[in-house]
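Okay, here's what each chain looks like letter by letter:
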Amino acid sequence: MAVAVAGVLVAAGAVTYSVAEDGGTAADVPVADSADAGFARDMAVHHQQAVEMSYIVRDRTTDEEVRRLAYDIAQTQANQRGMLIGWLDLWGLPKVSSDPPMTWTGMRGMSGGEDGALMVGMATDAQMKRLGTLNGKQAEIFYLQLMTAHHKGGVHMAESCVAKCTVGVEKRLAQGMVEAQQSEIELMAGMLKARGAKP
């Protein structure tokens, strides 16, 4: 299992490294209501919750397998979030929009809105609060369940960018997110099964 976690992290890190120095050219600069800008804004928010969730569970369990996975997710997504925000700065575009989340996908109904869950897959405020009250195996299971749903939403968003974004470096990052998060979804399914729980 440790090897599987390490493999996922290496893959995610390779994707991040491969695009870190390629911010695009002047011809690639998107407009504020483009899919590129929308994905960067929305995925930065989506990633931030995953980082918060991961640091919460690291304080709620001593299980090294879960703590290692949570640390890997937090580090990878914090790094990618920094890249997304950096691109918005580079492009001279706002980090917030008056449009509802996910508008850039063409499917507004896919946005969240329930109790702080702004986008598909995001945990609600109540779920985040509950995670912070659990300990041990209960915290591990709830985290893995929440993160599985979170990743599924992230994969959907990243696939939308692959289909709609026009900046090559961002499309490559999005494709890397799809592959890495799908691998982690499979990994978490095994971890949940080992704990007698379902996704």
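Right above here is the structure, for reference.
Notes on the structure in this doc start here.

### Section: the packing of helix H5 (residues 136–164) against helix H6 (residues 168–194)
Where H5 meets H6, the axes come as close as 8 Å, and the angle between the chain directions of the two elements is 155°. Comparing the axis directions of H5 and H6 gives the class roughly antiparallel. Both H5 and H6 take part in a crossing whose hand is left-handed. Looking at the contact of H5 with H6 residue by residue, the class counts come to 15 nonpolar, 7 polar and 5 charged.

### Points about the state of the cysteines
By the definition in use, this model includes 1 disulfide. The disulfide partner of Cys-161 is Cys-165, and the S-S distance across this bridge is 2.3 Å. In this structure, the disulfide formed by Cys-161 and Cys-165 twists by about -120° around the S-S bond and is classed as left-handed. Each member of the pair, Cys-161 as well as Cys-165, is classed as buried.

### Some details on helix H3 (residues 64–91)
Between the first and last C-alpha of H3 there are 40 Å, a value that for 28 residues agrees with the 40 Å anticipated at 1.5 Å per step. Two to three positions downstream of the cap, the backbone nitrogen of Glu-65 sits 3.1 Å from a side-chain oxygen, assigning the N-cap of H3 to Asp-63. One or two positions beyond H3, positive phi appears at Gly-92, with a value near 70°.

### As for the pattern of salt bridges
Under the counting rule described, the total for this entry stands at 5 salt bridges. Here Asp-89 ties to Lys-95 by a salt bridge, and the two come within 2.5 Å at their closest N and O atoms. Judged by relative accessible area, Asp-89 falls into the partly exposed class, the value being 45%. The class for Lys-95 is partly exposed, based on a relative accessible area of 42%. The partner of Arg-195 in a salt bridge is Glu-140, and the shortest N-O contact between them spans 2.9 Å.

### Overview of the nonpolar core
Ranked by size, the top nonpolar core spans 29 residues in total, and within it Phe-39, Met-43, Leu-84, Trp-87, Met-157, Ala-158 and Met-177 carry the most contacts. Counting residues per element, the ones that place at least two in this core are helix H2 (35–58), H3, H5 and H6. For this core, the element with the highest residue contribution is H6, accounting for 6 residues. Beyond its immediate stretch of four places on either side in the chain, Ala-158 contacts Phe-39, Met-43, Ala-174, Met-177 and Val-178. Leu-69, Ile-73, Leu-131 and Ala-139 belong to the second-largest nonpolar core, a separate cluster that totals 23 residues.

What counts and how
Residues numbered from 1 in each chain as written. Predicted model: local features only at pLDDT ≥ 70, side-chain atom pairs only at ≥ 80, totals over all residues. Heavy atoms only, no water. Axes fitted to C-alpha atoms, helices over the stretch in contact; angles between N-to-C directions. Helix = DSSP H or I, 4+ residues; strand = E, 2+ residues; numbered from the N terminus. Parallel < 35°, antiparallel > 145°, perpendicular 65-115°, else oblique. Left-handed = near helix turned anticlockwise from the far one by under 90°. Nonpolar A, V, L, I, M, F, W, Y, C, P; charged D, E, K, R; others polar. Disulfide = S-S within 2.5 Å. Buried < 20%, exposed > 50% of the residue type's maximum accessible area, 1.4 Å probe, protein only. Expected span 1.5 Å × (residues − 1). Polar contact = N/O pair within 3.5 Å; in protein donor to acceptor, adjacent residues only side chain to side chain. Salt bridge = Lys/Arg side-chain N within 4 Å of Asp/Glu carboxyl O. Core = buried A, V, L, I, M, F, W, Y, C linked by side-chain atoms within 4.5 Å. Contact = heavy atoms within 4.5 Å.

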